[in-house]
Amino acid sequence: MSESAAGDTRLAGRRVVLGVSGGIAAYKAVEICRRLVDAGVHVAPVLTADALHFVGATTFSALASEPVRMALFDTAEPIPHTRLGQTADLVVVAPATAKLLGKYAAGISDDLLSATLLATRAPVLVCPAMHTEMWEHPAVQENLATLRRRGVHVVEPEEGRLAGGDVGAGRLASPASIVEAIAAILGSRAGRRDLEGVTVLVTSGGTREAIDPVRFIGNRSSGKMGHALAHAAADRGARVVLVTTVERPVPALAEVVKVESAQEMHDAVMARMGPVDVVVMAAAVADFRPVAVAEQKIKKAGGPPRVVLEPTPDILAALGASKRPGQILVGFAAETTDVRGHATEKMLRKNVDLMVANDVSAPDAGFEVETNRALLLDPSGRVEETTLMSKLALADRIYDLVVDARAHLALDERR
Ligand code: CTP
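Within every chain, residues take consecutive numbers counted from 1 along the sequence as written. For this predicted model, a pLDDT threshold of at least 70 governs which residues receive local features, and a threshold of 80 or more governs which side-chain atom pairs are given and counted, while totals over whole chains, interfaces and linings are taken from all residues. To obtain the side-chain values, all non-hydrogen atoms of the structure were used and water was disregarded.

**Quick notes on the overall build of the chain**
Labels follow the DSSP assignment, with helices taken as runs of H or I lasting at least four residues and strands as runs of E lasting at least two, numbered in each case from the N terminus. What the chain contains, in helices and strands, is 13 helices and 21 strands. For this measure, only C-alpha atoms enter the radius of gyration; the expected value for a globule follows 2.2 Å times N^0.38, where N is the number of residues. Compactness check: the chain gives a C-alpha radius of gyration of 23 Å against a globular reference of 22 Å for 415 residues, within 12% of the reference. When its C-alpha atoms are laid out on the principal axes, the chain stretches across 75 × 70 × 35 Å. Three labels apply to residues, based on accessible area from a 1.4 Å probe with only protein chains included: buried if under 20% of the type maximum, exposed if over 50%, partly exposed otherwise in between. Residues classed as buried in the chain amount to 52% of the 415 residues present. Counting contacts in the chain only where the partners sit at least 6 residues apart, residues at least 24 apart contribute 66% of the total. Accessible surface computed for the chain: about 18900 Å², of which carbon and sulfur atoms make up 54%. For the purpose of counting charges, residues Lys and Arg are taken to be positive, whereas Asp and Glu are taken to be negative. His and the chain ends are not included. Taken as the charge centre is NZ of Lys, CZ of Arg, CG of Asp or CD of Glu, depending on the residue. Averaging the coordinates of the 46 positive side-chain charges in the chain and doing the same for the 50 negative ones gives two points 1 Å apart. Only heavy atoms matter for contacts: two residues are in contact if any of them lie within 4.5 Å across the pair. For the accessible areas, the method is Shrake-Rupley and the probe is 1.4 Å, while residue cover comes only from the protein chains on display.

Printed below as a string of structure tokens:
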């Protein structure tokens with residue numbers, strides 16, 4: 001992502017309530033505020049009383065578009081939470097503490113920020129930050145799952161140095177990736193319903209190929225990119241079919257098919273292909289599987305087993321070979337060398353309309369991380385290299401190109 005969000009049309013002129021709750025990462029909210037204001041966003045800061053232990057209200061009042069608000073009851077403006085909630089295009093909470101998430105999930109509104117969260121129909125983004133033990137506590141994870149199920153967006157914390165010198169998961173995501181997530185949400189809410197009436201099938205996660213009842217051959221795919229693609233398609237009005245190997249939050253109305261192996265994924269995709277307009281093969285499908293799956297657990301005493309492998313069906317290649325006119329195929333290529341060369345070869349071999357190629361050896365792109373950077377290639381020779389962005393933002397960029405490709409196809413048909 002570029003250093004500044006200035007000039008980003010997804011942000012300029014939008015109204016964002018920036019909620020700051022009481023964690024050490026509250027100082028990073030100052031940077032988020034500055035970046036948003038620089039991008040032309042009207043920022044209304046709302047701090048909790050605990051936030052004041054970590055940052056000064058004056059800092060936000062000086063940087064933001066209006067003075068900091070904290071009080072639920074104000075003589076000048078009797079019920080600020082309703083105005084804030086109703087006029088916002090987005091409410092973002094960064095950092096969101098365990099307490100804030102708990103109150104929001106339970107519907108408790110005992111201060112201005114928690115009341116504003118309940119008083120808004122705008123999209124909400126929470127950016128949790130806390131110590132690893134708290135982050136991993138089932139109470140916090142269940143609250144977050146509840147919020148996700150209700151459509152709340154989440155930028156997950158990163159691994160890194162925490163308060164007190166500990167290292168682990170729980171550090172607030174970077175201001176750049178939070179601003180990018182804000183832009184992606186506002187962008188998709190800016191009336192872009194350009195996939196209405198379109199059925200999009202997305203595959204997500206890595207397949208597991210059984211060796212015996214307890215062991216499998218797998219890969220590092222987390223399903224984050226695939227699920228971001230499902231959410232972005234749904235946001236833009238598509239009917240979404242999601243064939244996935246992983247359990248992650250899914251769009252409200254999506255048809256979700258849970259599979260495990262390459263064969264199951266192949267069968268699930270092929271059975272549903274008829275009415276599908278766009279297929280996005282984001283899954284990391286195993287190329288090989290054991291020829292035979294042991295019925296019982298293989299015992300160590302028998303010495304190292306000989307696992308003989310055979311190829312799995314290549315789903316994307318099968319789709320490319322049987323593609324009907326008007327269908328768009330999006331393929332992925334995870335590479336560690338000559339990204340462009342290998343991706344171009346795969347695109348042509350598998351008859352794909354758009355190839356998304358990653359250098360998975362980069363630490364900030366590819367498997368498991370929140371961000372991605374890709375080369376987008378099409379058979380006409382067009383190549384676009386994206387900046388580092390959230391997976392949701394990359395998903396939106398991919399659909400921009402899919403919409404273009406569909407428009408070209410429609411034009412060709414009319415000729
Ligand atoms: N793919 C698939 N079925 C497979 C293997 C891969 O549908 N059995 C899809 C992936 O979902 C991805 C694309 O093909 O969209 C590229 O996968 P990749 O494994 O990188 O390509 P391969 O052709 O297997 O090339 P290689 O392993 O030689 O890099």
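**Some points on the site of the ligand**
We call a residue near a given molecule or strand whenever any one of its heavy atoms falls within 4 Å of it. Around the ligand sit 15 residues in total, of which Met281, Ala283, Leu316, Phe332 and Lys346 are the nearest. What qualifies as a polar contact is a pair of N or O atoms within 3.5 Å, subject to a donor-acceptor requirement within protein and to the restriction that residues adjacent in sequence count only when both atoms come from side chains. For the ligand, an oxygen atom lies 2.9 Å from a polar atom in the side chain of Asp287. Here a nitrogen atom of the ligand and a side-chain polar atom of Thr312 are 3.3 Å apart. When isolated, the ligand has an accessible area of 580 Å², and the protein chains bury 79% of it.

**Section: the state of the cysteines**
Throughout, a disulfide means two cysteine sulfur atoms within 2.5 Å of one another. Considering all chains together, one arrives at zero disulfides under this definition. Between Cys33, a free cysteine, and Cys127, which holds the nearest cysteine sulfur, the sulfur-to-sulfur gap is 14 Å.

**Thoughts on empty space enclosed by the protein**
With a 1 Å grid spanning the protein atoms alone, the term cavity applies to any set of points in which a 1.4 Å probe fits but cannot get out, the term pocket to an open set with protein on both sides within 12 Å along at least five of seven lines, and the term lining residue to any residue with an atom within 4 Å of a point. Grid points are joined across faces, edges and corners, and a volume is the space filled by probe spheres set on the points. Using the criterion set out here, one finds two cavities of 30 Å³ or more in the structure. In this structure, the largest cavity spans a volume of roughly 50 Å³. As for the largest cavity, its lining consists of Arg15, Val16, Val17, His42, Ala44, Glu66, Arg83, Leu84, Thr87 and Ala88. Of all the secondary-structure elements, those providing two or more residues to the lining of the largest cavity are strand S1 (15-20), strand S2 (42-47) and helix H3 (80-87).

**Some points on the packing of helix H10 (residues 262-272) against helix H11 (residues 315-322)**
Packing of H10 against H11 brings their axes to within 10 Å, and their N-to-C directions diverge by 25°. Accordingly, the angle class assigned to the pair H10 and H11 is roughly parallel. Read as a crossing pair, H10 and H11 show a hand that is right-handed. Contact residues: H10 offers Ala262, Met265, His266, Val269 and Met270, while H11 offers Ile315, Ala318 and Leu319. The angle between two axes is taken between their N-to-C directions and runs from 0 to 180 degrees, where each axis is a line fitted to C-alpha atoms and a helix contributes only its stretch in contact. Orientation is classified from the angle alone, with under 35 degrees giving roughly parallel, over 145 giving roughly antiparallel, 65 to 115 giving roughly perpendicular, and any other angle giving oblique. Whether a crossing is left-handed or right-handed is set by the direction in which the near helix is turned from the far one by less than a right angle, anticlockwise for left-handed and clockwise for right-handed.

**Overview of the pairing of strand S17 (residues 354-359)**
Burial analysis of S17 places five of its six residues in the buried class, which makes it a mostly covered element. The sheet contact formed by strand S16 (residues 328-335) and S17 spans six bridges and is parallel. By the bridge assignment, Phe332 is partnered in S17 with Val356. The β-α-β motif built from S16, the intervening helix H12 (residues 339-349) and the parallel element S17 has right-handed crossover chirality. A strand pair is defined by DSSP finding two or more bridges across the two strands. Looking down the strands as they point away from the viewer, one classifies a crossover as right-handed if the path from the first strand across the helix to the second runs clockwise.

**A closer look at the pattern of salt bridges**
Within this document, salt bridges are pairs made up of a side-chain nitrogen of Lys or Arg and a carboxyl oxygen of Asp or Glu, the two lying within 4 Å of each other. One pass over the structure, following the stated rule, counts 28 salt bridges. Across the pair Asp314 and Lys350 runs a salt bridge, and its minimum N-O distance is 2.8 Å. Of this pair, Asp314 sits in the loop between strand S15 (309-311) and H11 while Lys350 is found in the loop between H12 and S17, placing the two residues 36 residues apart along the sequence. Judged by its relative accessible area of 32%, Asp314 is partly exposed. Here Arg397 and Asp400 are joined by a salt bridge, their closest N and O atoms 3.1 Å apart. Separated by three residues within a single helix, Arg397 and Asp400 lie in helix H13 (residues 391-414), roughly one turn from each other. A single salt-bridge network, built from bridges that share partners, covers Asp194, Arg236, Arg382, Glu384, Asp396, Arg397 and Asp400.

**Thoughts on the domain arrangement of the chain**
Assigned domains within the chain: domain 1 (15-188) and domain 2 (199-414). Centre-to-centre separation of domain 1 and domain 2, based on C-alpha positions: 33 Å. Counting from both sides, the interface comprises six residues of domain 1 and, opposite them, 10 residues of domain 2. Computed with a 1.4 Å rolling probe, the buried area is the accessible surface lost when two parts are put together, summed over both parts. Of the roughly 710 Å² buried at the junction of domain 1 and domain 2 (both faces included), carbon and sulfur atoms supply 63%. Joining domain 1 to domain 2, the criterion identifies zero residue pairs in polar contact (both at pLDDT 80 or more). It is helix H8 (residues 175-188) that provides the largest number of residues to the side of domain 1 that touches domain 2, a total of four residues. Of the residues in the side of domain 1 that touches domain 2, the class split is one nonpolar, two polar and three charged. For the domains described, the bounds stem from an automatic or database domain assignment. Residues are grouped as follows: nonpolar covers Ala, Val, Leu, Ile, Met, Phe, Trp, Tyr, Cys and Pro; charged covers Asp, Glu, Lys and Arg; every other residue, Gly included, is treated as polar.

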